[in-house]
Amino acid sequence: MTGPLGKKVDAPSSFAPEILFSISRDQQRLKKQLINQNGIDIWNIHELFWVDKKGHAYHDEISIHIPADSPKTVESKSLKLFLNSFIHQRFDNLNDVKNVIKYHLEGLLDAEISLDKIHKKVLTSHHQVITSSELKLLFTENGETKLIGFRGFRSLCPVTSQPDIAEIFIEGNIHDNDLASVSSYLGSFFNRECFHELCVEYIYSDLIKAGFDIKKVEGYFERRGGIAIIPIRYSQ
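Residues numbered from 1 in each chain as written. Predicted model: local features only at pLDDT ≥ 70, side-chain atom pairs only at ≥ 80, totals over all residues. Heavy atoms only, no water.

*Asks:* So what about the packing of aromatic side chains? Which residues, and what values?
*Replies:* Each aromatic ring pair is summarised here by two numbers: the centre-to-centre distance and the angle between the ring planes. Across all of its chains, the model carries 10 aromatic pairs by this definition. With centroids separated by 5.3 Å and ring planes inclined at 25 degrees, the aromatic side chains of Phe-86 and Phe-91 adopt a geometry described as stacked. Taken individually, Phe-86 and Phe-91 each receive the classification buried, so the pair is uniform in this respect. Ring geometry for Phe-153 versus Phe-189: centroids 5.3 Å apart, planes at 45 degrees, classification tilted. In this pair, Phe-153 sits in strand β7 (residues 145–156) while Phe-189 sits in the loop between α4 (179–187) and α5 (196–209), placing the two residues 36 residues apart along the sequence. Judged by relative accessible area, Phe-153 falls into the buried class, the value being 0%. (Phe/Tyr/Trp six-rings, centres within 6.5 Å; stacked < 30°, edge-to-face > 60°. Buried < 20%, exposed > 50% of the residue type's maximum accessible area, 1.4 Å probe, protein only. Helix = DSSP H or I, 4+ residues; strand = E, 2+ residues; numbered from the N terminus.)

Written out as structure tokens, the structure reads:
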């Protein structure tokens, strides 16, 4: 069975938790030679539309936090269709909506999730990604541990081949002399088919393997269909 991503699927005409589709993390990571890492995937839901039992309509924004060590994650289009089906259900209040989301996602993913406010981008200095086919990272010398942002990151969805745009935030020891190397490495994803979560796991692993002292990597992918996915990976 395959999920709805990349297919034309009619909007549900009733509340549809059965439309949710999971993806095995082990299958995604198979033979990728990634180093062990902790983390979380934050899904910013910008278009949570629901109706209460009096017929009042509400538009809210929340974030869904899925641990990176969960055995499965959720397919993005199936989550969008599931949330869009909430207009066919009636709820007591926003907490009732959140409890329904939590119940169905935890059952799908076999993991405990949490819900919170929208996750916002951090404020820091930025550098531009350099489009490149260069995969080799060059570490030359130690610098200061700080948070650095890289704008202009692009990868391709492995299912639809559509571009995914992001800002990459790296907290670690990267000397100014090595910024061009890191920027070019990030640019090597420009035409590479890779899911959001795997992009960040590759970046974290490759930086560590190259000799950089990295504390955390966050990929703030721009929203699509009202959902922005922000994978975060950090030291064990």
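*Asks:* Account for the environment of Ile-113, naming residues and giving values.
*Replies:* In this fold, Ile-113 is placed in the loop between α3 (94–109) and β5 (114–116). Between the alpha carbons of Ile-113 and Ala-228 there is a distance of 17 Å; along the sequence they are 115 residues apart. With residues near it in sequence (within four places) discarded, Ile-113 still touches Ile-64, His-65, Ile-66, Lys-102, Leu-105 and Glu-106. (Contact = heavy atoms within 4.5 Å.)

*Asks:* Mind laying out the side chain of Ser-78, listing which residues take part and the relevant values?
*Replies:* By the secondary structure assignment, Ser-78 is in helix α2 (residues 76–84). Looking at Ser-78, the relative accessible area reads 0%, which means it is buried. Here Glu-75 takes part through its backbone oxygen, which lies 2.8 Å from a polar atom of the side chain of Ser-78. (Polar contact = N/O pair within 3.5 Å; in protein donor to acceptor, adjacent residues only side chain to side chain.)

*Asks:* Could you give an account of the pattern of salt bridges, naming the residues involved and the relevant values?
*Replies:* In this structure the tally under the stated criterion is 13 salt bridges. Between Asp-41 and Arg-25 there is a salt bridge, with the nearest N and O atoms lying 2.8 Å from each other. Residue Asp-41 is located in strand β2 (residues 38–51), and its partner Arg-25 is located in helix α1 (residues 25–29); the two are separated by 16 residues in the primary sequence. Residue Asp-41 is classed as buried on the basis of its relative accessible area, which comes to 0%. By relative accessible area, Arg-25 is classed as buried at 1%. For Lys-146, the salt bridge identified is with Asp-176, shortest N-O distance 3.4 Å. Taken together, the residues Lys-146 in strand β7 and Asp-176 in the loop between β8 (163–173) and α4 connect sequence positions 30 residues apart. (Salt bridge = Lys/Arg side-chain N within 4 Å of Asp/Glu carboxyl O.)

*Asks:* Requested: an account of the packing of α4 against α5, with residues and values cited.
*Replies:* Each pair of packed helices gets described by two things: the angle between the helix axes and the distance between those axes. The N-to-C vectors of α4 and α5 enclose an angle of 145 degrees; their axes lie 11 Å apart at closest approach. At the point where α4 passes α5, the crossing takes the right-handed sense. Contacts from Val-182, Tyr-185 and Leu-186 of α4 reach α5 at Tyr-202, Ile-203, Asp-206 and Leu-207. Classifying every residue of the contact of α4 with α5 gives 6 nonpolar, no polar and 1 charged. (Axes fitted to C-alpha atoms, helices over the stretch in contact; angles between N-to-C directions. Left-handed = near helix turned anticlockwise from the far one by under 90°. Nonpolar A, V, L, I, M, F, W, Y, C, P; charged D, E, K, R; others polar.)

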